[in-house]
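Structure at a glance
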Amino acid sequence: MSFTVRTARTSDVPHVQRLIEPLVQRRILLGKDAVVFYEAIQEFRIAEDEHGRPIGCGALHVMWEDLAEVRTLAVVPEWLHHGVGHALLERLETDAVNLGLSRLFCLTFEVDFFEKHGFSTMDEESIDPDVYSELVRSPDEGVAEFLDLARVKPNTLGNTRMLKRL
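The model shown is predicted, which means the values in this text are computed figures rather than measured ones.

Right, let's talk about the sheet that holds strand 5 (residues 103-108) for a bit. Pairing within the open sheet is mixed, and its 7 strands lie in the order 1-2-3-4-5-7-6. Looking at the sheet topology across the chains shown, the edges are occupied by strand 1 (3-7) and strand 6 (120-121). Helix 1 (residues 13-25) contacts strand 2 (44-49), strand 3 (54-64) and strand 4 (67-75) of the sheet and is inclined by roughly 90° relative to strand 3.

Helix length check: helix 1 (13 residues) gives 18 Å between terminal C-alpha atoms against 18 Å at 1.5 Å per residue, within 8%. The sharpest bend along helix 1 reaches about 30° and sits at Leu19, with the proline Pro22 one to four residues further on. Within the sequence span of helix 1, burial applies to Val13, Val16, Leu19, Ile20, Leu23 and Val24. A positive backbone phi angle near 60° is found at Arg27, which sits one or two residues after helix 1.

With respect to the helices, strands and loops of the structure, Leu99 is situated in the loop between helix 3 (84-98) and strand 5. In sequence terms Leu99 and Asp66 are 33 residues apart; their C-alpha atoms lie 8.8 Å from each other. For Leu99, the contacting residues outside a window of four places in its chain are Leu60 and Val62.

Quick notes on the rules
Residues numbered from 1 in each chain as written. Predicted model: local features only at pLDDT ≥ 70, side-chain atom pairs only at ≥ 80, totals over all residues. Heavy atoms only, no water. Pairing = 2+ DSSP bridges. Helix = DSSP H or I, 4+ residues; strand = E, 2+ residues; numbered from the N terminus. Contact = heavy atoms within 4.5 Å. Axes fitted to C-alpha atoms, helices over the stretch in contact; angles between N-to-C directions. Expected span 1.5 Å × (residues − 1). Bend = angle between axes of the 7 residues up to and from the residue. Buried < 20%, exposed > 50% of the residue type's maximum accessible area, 1.4 Å probe, protein only.

What follows is the structure, encoded as structure tokens:
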């Protein structure tokens, strides 16, 4: 069983939506409208099997000059435990380093997976007050989750906030 990881294309949006829908139904991921995926398609990487079928996805969303969030990391069930999630996360980390980032954030139920990849549970992250005042202005839910703002508590589904220093 071989696969590759590549940059996403707009034609991948329906595949991403189908891929994450079972996770949305199980309240593991939050659902998003198609327009949100199209707007962020350049953030996504797609894993595909040897026949070109999408089998996984993940996104890297830059939040600040040194910080990005790993988002929407998902793999089809029949490809779980075959290294697809690892390869996607590795590609996102490489992208982060190439962008000059030094920290990765994620909000996840898959604590063991992310711990194996160097993430640790966040305590209170020390944020420069000037940076905080900029970040808090963002309408992005991921930024609000990173800041642990009360307005996102009903939407976090009980996930764990994790951070990795690159």
